[in-house]
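Structural description and commentary
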Amino acid sequence: MGIFGEKKTKLPEKIGDREPLSGTIPKEYSYMLGVPRNQQDIDDMDAMIDRVKSDDEIEVVAKSTGETPCVVVKYKEEEYSVEFHVTTFEIPELFTINHLLDEDSIGIIRNNKRGLSITMTFGSVNVVSYHLQLKMLNIMIPDLVAVVDFSCEKIYSGKWAKLAAQSKVPPSPLYLYTVQAVSGKKDKVWLHTHGLNRCGGVELEILDSDQENCNSHYNIIMALAGRIVDKNGFINESEPMYIAQLSKDIELVATWVDWKRVMSNIDKKDLGGLMDRAGEGHNGKTGIVYLYASESDYNNEVYSPVSIYNRELADNPLIMYTNEETARMKALAEERLYVLKDCVKNRGAEALIKVGLDPDPEYDMEEGFHEHIWFKLLELRENTFVAELTQEPYYVNNLRAGDFREISYEDITDWMMFLDEQRITPDSVYLVL
């Protein structure tokens, strides 16, 4: 049961005389902080700026070392104004450590109360701007222990940050936001994001989740948030967005509504109600995610909770990534494929490979569409690999789970491997290097 029960809901059309909340909003500052291993590395502001000047990718156009030091830099043909200063910091309790950190690094984070903060507004491509911010921290702090991303309330490994900064491929959009899960009574879970406002879109929430299904509901938010990160904004309130194929007959079409419209339907003491929005949290530019179960529901603005498809969501639905994210994932998988090959050949790792398959002509798919599907790696060859299909395709009729194929490395769009009880992806190779 969702907060409205397993039924469709008609929400108020207006909230007083308010202006409709748009899905695309002015970008907020992105605020990140680097924790140095050696405190003296952040004592000399001019030396830190000189390190940036010596970088081949970033051009320092102007600088100011006044009360709030600032540099204007040019990166990939776009200019950014970047403010930075040395500051004391405390890590709030709710911040999530997203990477594996050794005890030495954890001790430095807890005991070293000074770090270098960098704030900037993202430019035309969010992941590129985020990549620049990481690069700036990595250049200015030679031995970076950790990155604290205050905009999305996460803590990252300095080793990961160094690899990400040196890569030609920007980090995953997942790094630009976080999805927090707050538990309530009767196994209820409130999912909500932090970090999407800096990307030019509303924050997203799901109110009717629960312990059993929150991971599936997380995938819905992840798919929608990916649109915000890649597209610099979002659909407007109540507009539909197709995000997944739940079965051959069921499509997942999501939307969002201003959180204020929803509050009249729930008790203020309920999880995600008005009492949870006191102060500065969760009462700004944020929207509640709903589903449209039919075209008629869309036409009449009738909303269904995400829980109506709990069973289907548990059956490994085909989530649609943006073209930008698919290309980024493929590029990173190719760049770090050497790690997978080495670990399979020399360290006994087992691996899954994702491949983009051409759909059968009978399906009316857009040009360039591929169905991305997982294979179990069986054998590495010089230019190809042999693998076993792990799931049924939706759009390729002559393939079945358990079928074997010899595939070119060029067709790989993602991979993961399992080594020493760890799950390693192209993003997390810092764990085995």
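Summary of the structure given here. (Residues numbered from 1 in each chain as written. Predicted model: local features only at pLDDT ≥ 70, side-chain atom pairs only at ≥ 80, totals over all residues. Heavy atoms only, no water.)

1. Thoughts on the sheet that holds strand β21 (residues 404–408)
This is how it is decided: The criterion for strand pairing is that DSSP finds at least two bridges linking the strands in question. A run of H or I in DSSP counts as a helix once it spans at least four residues, and a run of E counts as a strand once it spans at least two, with each numbered from the N terminus. Helix axes use the C-alpha atoms of the stretch in contact, all axes being lines fitted to C-alpha atoms, and the angles between their N-to-C directions lie in the range 0 to 180 degrees.
One open sheet accounts for six strands, arranged β21-β20-β19-β18-β22-β23; its pairing is antiparallel. Sheet topology places β21 and β23 (422–424) at the edges, where each strand pairs with a single neighbour. If you compare each strand with its neighbour and ignore which way they point, the axes differ by 35° on average. Pairing of strand β18 (residues 350–357) with strand β22 (residues 412–419), which is carried by six bridges, proceeds in the antiparallel orientation. Counted as the bridge partner of Ala-351 is Met-417 from β22.

2. Remarks on the packing of aromatic side chains
Heads up, the condition is: We call Phe, Tyr and Trp rings a pair once their centres come within 6.5 Å, taking the six-membered ring for Trp, and we label the pair stacked below 30 degrees between planes, edge-to-face above 60, and tilted otherwise. A 1.4 Å probe rolled over the protein chains alone gives each residue an accessible area, and that area as a share of the maximum for its type sets the label: buried under 20%, exposed over 50%, partly exposed in between.
Tallied over the full model, the rule gives twelve aromatic pairs. Seen from their ring centres, Phe-95 and Phe-150 are 5.5 Å apart, and the 65° between their planes marks the pair as edge-to-face. Note that Phe-95 is positioned in the loop between β5 (78–88) and β6 (96–97) and Phe-150 in the loop between β8 (144–149) and β9 (154–157), a separation of 55 residues in sequence. As far as burial versus exposure is concerned, Phe-95 and Phe-150 are alike and both buried. Seen from their ring centres, Phe-385 and Tyr-409 are 5.8 Å apart, and the 35° between their planes marks the pair as tilted.

3. What to know about the state of the cysteines
Operational definition: Whenever a pair of cysteine sulfur atoms sits within 2.5 Å, that pair is classed as a disulfide.
Tallied over the full model, the rule gives zero disulfides. No disulfide involves Cys-214; its nearest neighbouring cysteine sulfur is the one of Cys-152, lying 19 Å away.

4. Notes on the sheet that holds β6
Put simply, the rule is: It only takes one pair of heavy atoms within 4.5 Å for two residues to be counted as in contact.
Strand order in the open sheet made by the eight strands is β3-β4-β5-β7-β2-β8-β9-β6, with mixed pairing throughout. The strands lining the two open edges of the sheet, one partner per strand, are β3 (59–64) and β6. Those strands touched by helix α1 (residues 45–53) are β3, β4 (70–75), β5 and β7 (114–120), and its axis lies near 160° from that of β3. Of the strands in this sheet, β2 (30–36), β4, β5, β7, β8 and β9 are in contact with helix α3 (residues 126–140), which crosses β7 at around 150°.

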